[in-house]
Amino acid sequence: MIRLENIEVKFGDFTALHDINVHVEEGQFYTFLGPSGCGKTTTLRTITGFNMPTQGKVIVKGKDITNVPVEKRNIGMVFQNYALFPTMSVYENIAFGLKVQKVNKTDIDKRVREMAKKVELNDTQLMRKVAELSGGQQQRVAIARALVTNPAIICLDEPLSNLDAKLRVQLRNELKEMQRNFGITTVYVTHDQEEALTLSDCIAVFNNGVIEQIGRPYEIYSQSKTEFVCNFIGDINRVGEELQQKLGIPADKHAYIRLERLHVNAAADGDSVNVPASVVSSEYYGLYIKYTLECCGQKLKAIEKNDGSAPFNMGEKVTVSFNPKDLMIY
């Protein structure tokens, strides 16, 4: 569906993107993930035509669109700040792209009202000014405006970042459901790892203008290819020198293990390594308990599912067990 081939983007002497290669399949929810300034938005803007690459090609459905103007790419765009017209009504905002395409008034009215219904905006809200709507409603208007022209692709640049935490979770679930219902190929930019893991079919992790890893969410999380990805995605323990020696890992290597891969006072298992530890603290979350443990001269964090029993007490002697296969070594 979308292919980026050997894309390089420069701004003056600064190279923002180095040799970017991406393949987005039709109907996929594909996420560009990374910290601020890593190149993810620059890549998105290269797909939409706002940035011109100094090298490489942008190919959509087998056609090279590298030099095709923005308005002729048939790509919907939702910006971080939504870029809505505040003095226009919701109806006028959604209809804007159709008017530019010179669609007749009857068809515009039909398509605007159908799209508003799909994103759960009612007739009263359609007549309101955008400025009168909540952040969540404005986001729906931005999505409706991007989709009403029937684009082949929709690109979203951090569309949830201006919302509060509770609304963000609610709207990301709605966003994924909408994307499934429309079946539209979606390219999504975020710095939020949880957002990326829950929404995506595939993730490209960016760092300093290069892609560190491309994979499905579980591959990015459990089979991180680089030390940067391993540290950027989720919470993780760096294995200290003493424990690393016990495990026979050379000193020039860095070893990591995810919190949920450590088990406190678990039943003996032939594949597991068992190490004595003591409980420094515990945090009770209901569904799970998060422990901080003193082990082999370092602190380790562990997450245990709540089985209904009381948490271990501070200072209590316990055993930490894990499978060496769950270590990520760089």
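Bear in mind that the values here come from a model prediction, so they are computed numbers and not experimental data.

Where helix H2 (residues 90-100) meets helix H5 (residues 135-147), the closest approach of the two axes is 7 Å, and the angle between their N-to-C directions is 30 degrees. By the angle between their directions, the pair H2 and H5 is classed as roughly parallel. Crossing angle aside, the handedness with which H2 passes H5 is right-handed. In this structure, H2 uses Val 90, Asn 93 and Ile 94 to contact H5, whose residues at the interface are Val 141, Ala 144 and Arg 145. Here the residues of the contact of H2 with H5 are counted per class, giving four nonpolar, one polar and one charged.

As a further point, take the pattern of salt bridges. Pairing is possible between side chains of opposite charge, provided their charged atoms come close. Per the counting criterion, the structure on display carries seven salt bridges. One salt bridge connects Asp 123 with Arg 113, and the closest N-O pair in it is separated by 3.5 Å. Within this pair, whereas Asp 123 is found in helix H4 (residues 123-126), its partner Arg 113 is found in helix H3 (residues 105-118), the two being separated by ten residues in sequence. Taking relative accessible area as the criterion, Arg 113 reaches 32% and is therefore assigned partly exposed.

Glancing now at the packing of aromatic side chains. On inspection of all chains with the given rule, the structure shows nine aromatic pairs. On the basis of an interplanar angle of 10 degrees and a centroid distance of 5.6 Å, the ring pair of Phe 228 and Phe 232 is categorised as stacked. Here Phe 232 and Phe 228 lie together in helix H9 (residues 227-232), a separation of four residues that amounts to about one turn. Of the residues examined, Phe 232 reaches a relative accessible area of 16% and is grouped as buried. Where Tyr 291 meets Phe 312, the ring centres are 5.7 Å apart and the plane angle is 45 degrees; that geometry is what we call tilted.

Across the chain, the bulk of peptide bonds are trans and the bulk of non-glycine residues have phi less than zero. Phi is positive for Asn 6, close to 50 degrees, though the residue is something other than glycine. Take Asn 6: it is sitting in strand S1 (residues 2-11). Overall, Asn 6 belongs to the partly exposed group, its relative accessible area being 42%. The phi angle at Asn 150 is positive, at roughly 55 degrees, despite the residue not being glycine. Relative to the assigned elements, Asn 150 resides in the loop between H5 and strand S7 (153-157). For Asn 150, a relative accessible area of 52% gives the class exposed.

Here we come to helix H1 (residues 40-48). Across the nine residues that make up H1, a large majority, seven, are buried. Burial in H1 covers these residues: Lys 40, Thr 42, Thr 43, Leu 44, Thr 46, Ile 47 and Thr 48. Positive backbone phi, approximately 100 degrees, marks Gly 49, located one or two places after H1.

Attention now goes to the pairing of S1. The side chains of a regular strand alternate, first on one face of the sheet and then on the other. Taken together, the five bridges between S1 and strand S4 (residues 55-60) define a ladder with antiparallel strand orientation. Across the sheet, the residue bridging to Ile 2 is Val 60, located in S4. With seven bridges connecting them, S1 and strand S2 (residues 14-24) associate as antiparallel partners. Each residue of the ladder has a partner; that of Val 9, found in S2, is Leu 17. Hairpin connection from S1 to S2: two residues lie between these consecutive antiparallel strands, with Gly 12 at a positive phi of about 65 degrees.

About the cut-offs
- Residues numbered from 1 in each chain as written.
- Predicted model: local features only at pLDDT ≥ 70, side-chain atom pairs only at ≥ 80, totals over all residues.
- Heavy atoms only, no water.
- Axes fitted to C-alpha atoms, helices over the stretch in contact; angles between N-to-C directions.
- Helix = DSSP H or I, 4+ residues; strand = E, 2+ residues; numbered from the N terminus.
- Parallel < 35°, antiparallel > 145°, perpendicular 65-115°, else oblique.
- Left-handed = near helix turned anticlockwise from the far one by under 90°.
- Contact = heavy atoms within 4.5 Å.
- Nonpolar A, V, L, I, M, F, W, Y, C, P; charged D, E, K, R; others polar.
- Salt bridge = Lys/Arg side-chain N within 4 Å of Asp/Glu carboxyl O.
- Buried < 20%, exposed > 50% of the residue type's maximum accessible area, 1.4 Å probe, protein only.
- Phe/Tyr/Trp six-rings, centres within 6.5 Å; stacked < 30°, edge-to-face > 60°.
- Pairing = 2+ DSSP bridges.

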